Amino acid sequence: MAVPAGSLKELIQVFEMVPDFRIERHKKYTLPEILFLVLSATIGGMRSWDEIADFGEDNLNWLRKYFPYTYGVPSHDTLNRVLSLINYRAFEEGFITWASEGFVLPNGAVINIDGKKLRSSASKSEQQLPHSQGGKGAVHLVQAWCGDIQLCLGQSRVDNKSNEIVAIPELLNWLDVEGCVITIDAIGCQKEIAQQIVDKKADYVLGLKANQPKLHAEVIGMFESASVMDAVEQEPRDMKAESEQPAQGHGRIEKRVCRVLPAAFMEEDLLHGWKGLSSVIEITAYRHIQATGHFSLDKRYYISSLAPDAARLNEIIRLHWSIENQLHWALDVQFGEDQSRKQSQNAAANFGLMLRWALNLLKHKPDKISLKRKMNKCLWNEAYRELT
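Residues numbered from 1 in each chain as written. Predicted model: local features only at pLDDT ≥ 70, side-chain atom pairs only at ≥ 80, totals over all residues. Heavy atoms only, no water.

Student: So what's going on with the overall build of the chain? Which residues, and what values?
Tutor: Secondary structure assignment for the chain yields 16 helices and nine strands. Contacts in the chain between residues at least 24 apart in sequence constitute 66% of all its contacts with a sequence separation of at least 6. Accessible surface, the chain: about 18,500 Å² in total, of which carbon and sulfur atoms supply 49%. (Helix = DSSP H or I, 4+ residues; strand = E, 2+ residues; numbered from the N terminus. Contact = heavy atoms within 4.5 Å. Areas by Shrake-Rupley, 256 points an atom, 1.4 Å probe, with all protein chains shown as cover.)

Student: Please give an account of the side chain of Thr183 that cites residues and values.
Tutor: Summarising the element assignment, Thr183 is placed in strand 4 (residues 181-184). A relative accessible area of 3% places Thr183 in the buried class. At 3.0 Å, the side chain of Thr183 and the side chain of Asn112 are in polar contact. Among the polar contacts made by the side chain of Thr183, one reaches the side chain of His320 at a distance of 2.6 Å. Every residue in contact with Thr183, bar those within four places of it in the chain, is listed here: Val110, Ile111, Asn112, Ile113, Val205, Ile316 and His320. (Buried < 20%, exposed > 50% of the residue type's maximum accessible area, 1.4 Å probe, protein only. Polar contact = N/O pair within 3.5 Å; in protein donor to acceptor, adjacent residues only side chain to side chain.)

Student: Explain the packing of aromatic side chains to me, and be specific about the residues and the numbers.
Tutor: Here the structure, examined in full by the defined rule, presents twelve aromatic pairs. Ring centres of Phe15 and Trp357 lie 5.5 Å apart, and the angle between their planes is 75°; this geometry places the pair in the edge-to-face category. Taken together, the residues span a long stretch of sequence, with Phe15 in helix 1 (residues 8-15) and Trp357 in helix 14 (residues 347-363) at a distance of 342 residues. Aromatic side chains Trp49 and Phe351 sit 5.4 Å apart centroid to centroid with 70° between the ring planes, which places their arrangement in the edge-to-face category. Here the residue Trp49 occupies a position in helix 3 (residues 49-58), and Phe351 occupies one in helix 14, the gap between them amounting to 302 residues. (Phe/Tyr/Trp six-rings, centres within 6.5 Å; stacked < 30°, edge-to-face > 60°.)

Student: So what's going on with the packing of helix 6 (residues 88-99) against helix 8 (residues 164-174)? Which residues, and what values?
Tutor: In a pair of packed helices, the angle between the axes and the distance between the axes together describe the arrangement. Relative orientation of the contacting elements helix 6 and helix 8 amounts to 45°, with a least axis distance of 10 Å. In terms of orientation, helix 6 lies oblique with respect to helix 8. Between helix 6 and helix 8 the crossing geometry is right-handed. On the side of helix 6, the interface is formed by Arg89, Glu92 and Ile96, while helix 8 contributes Glu170, Leu171 and Trp174. (Axes fitted to C-alpha atoms, helices over the stretch in contact; angles between N-to-C directions. Parallel < 35°, antiparallel > 145°, perpendicular 65-115°, else oblique. Left-handed = near helix turned anticlockwise from the far one by under 90°.)

Student: With reference to specific residues and values, describe the pattern of salt bridges.
Tutor: For the structure shown, the criterion picks out 16 salt bridges. Of the charged contacts, one joins Lys27 and Asp20 as a salt bridge, the two residues approaching to 3.1 Å between their closest N and O atoms. According to the relative accessible area criterion, Lys27 is partly exposed, its value standing at 24%. Look at Asp20 and you get partly exposed, because its relative accessible area is 26%. Taking the shortest distance from any N to any O, the salt bridge between Glu92 and Arg89 comes out at 3.0 Å. Here Glu92 pairs with Arg89, and both are found in helix 6, just three residues apart, close to one helical turn. Connected through salt bridges with shared partners, the residues Asp20, Arg22, Glu24 and Lys27 form a single ionic network. (Salt bridge = Lys/Arg side-chain N within 4 Å of Asp/Glu carboxyl O.)

Student: Explain the environment of Ala41 to me, using residue names and the numbers behind them.
Tutor: Structurally, Ala41 can be placed in helix 2 (residues 31-42). Along the primary structure Ala41 and Met375 are separated by 334 residues, whereas in three dimensions their C-alpha atoms are 9.6 Å apart. Beyond its immediate sequence surroundings of up to four residues, Ala41 is in contact with Met46, Ile52 and Phe55.

Student: Tell me about a negative patch on the surface, and name the residues and values.
Tutor: On the surface, Asp50, Glu51, Asp54, Glu57, Asp58 and Asp77 cluster together into a negatively charged patch. A per-element tally of the negative patch places helix 3 first, with five residues. (Patch = residues over 30% accessible without salt bridge, like charges linked within 9 Å, V, L, I, M, F, W, Y side chains within 5 Å. Lys, Arg positive; Asp, Glu negative; His and termini not counted. Charge placed at Lys NZ, Arg CZ, Asp CG, Glu CD.)

Student: Give me empty space enclosed by the protein: which residues, what numbers.
Tutor: Here the structure, examined in full by the defined rule, presents one cavity of 30 Å³ or more. Size it by volume and the largest cavity reaches roughly 70 Å³. Surrounding the largest cavity, Leu118, Ser121, Glu337, Ser340, Lys342, Ala348, Phe351, Gly352 and Leu355 form its lining. Counting residues per element, the lining of the largest cavity draws most heavily on helix 14, at four residues. In the lining of the largest cavity, the residues fall into four nonpolar, three polar and two charged. (1 Å grid on protein atoms, 1.4 Å probe; cavity = no way out; pocket = protein on both sides within 12 Å on 5 of 7 lines; lining within 4 Å. Points joined across faces, edges and corners; volume = space filled by probe spheres on them. Nonpolar A, V, L, I, M, F, W, Y, C, P; charged D, E, K, R; others polar.)

Student: Can you tell me about the pairing of strand 2 (residues 139-146), naming the residues and giving the values?
Tutor: Of all eight residues in strand 2, seven are buried, a share of seventy percent or more. Direction of pairing for strand 1 (residues 110-118) relative to strand 2: antiparallel, over a ladder of eight bridges. Looking across to strand 2, one finds that Asp114 is bridged to Gln143. Bridge count between strand 2 and strand 3 (residues 151-158): seven bridges; the pairing is antiparallel. Its bridge partner being in strand 3, Leu141 is matched across the sheet by Arg157. (Pairing = 2+ DSSP bridges.)

Structure representation (structure tokens):
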């Protein structure tokens, strides 16, 4: 399966599609010039506006292979001002267009959708103050990640007066997810979202918590009843599917037991409105910390449009955490996103999109080396950078 070719040169066409908010006579740099500089510096590990401007000065001759940069390199203030004022919705749409260009996701690919708060995008005092007194919340992003191909497929910023329930449908509208499986935490467990996913010819696995109180209580009761029937050997063998998944590492021993029941056993009025609902799932996670001897047990519940296949559902639910382990971890540890103090207007959301562009480019370099080494080579080696 092909993935986005994604060279820096090919990205210029995407940057040219982003609307420029500036008055023509005041421009010293075109918008694609500025965006090309920011992305080129970002794949080399530059994080602050000052570092990006320094990268530009040190690599001006190389940058002029792509754009004239008649007035040299934009200052750090110019970079901050321009990135903070770009329409982030148009920028997000350009990213998704690029990320999905020229390839089709494999049938059955798992797409994880999850939110991420940029904690330093607003000061602590601003986050603690009510909005009516000048306070503001940290920027919150919803992202789609496909671990099968190691690609961030899209990002949608959560508007200040809404939440992920609004942003998730917007992101799904942009994505072609036919034949895929969408996993979302409990905040996405909404009838409208389930219907949207099925209407797009995809399947869903949605976390289930007390935000759907009647459904949550019913599912818990179903599994408790199934356990009682097991104990007295009254349950037919084909009524319940079960799968066990052991794991060991980092000084702990874990076991995940997945039990699945057909949704058809549920009360009819609770099924109403949940399009495609076929399975209800219980995951029991056992964890033993070897150093301390501490033992814990945790139960979580899910609903799905997939058939009651415990082994498959156990694996899909486990894969949901790849968005934390592979996307969020890389953004925070390698790119310092959580510590970034870009707080001006749309700067945090737009620079966050640049980081995801950079991560996609770096992850799809064929070298079997760490992300950090790829970033260093992009910083030091022009030829390597051009092939990103």
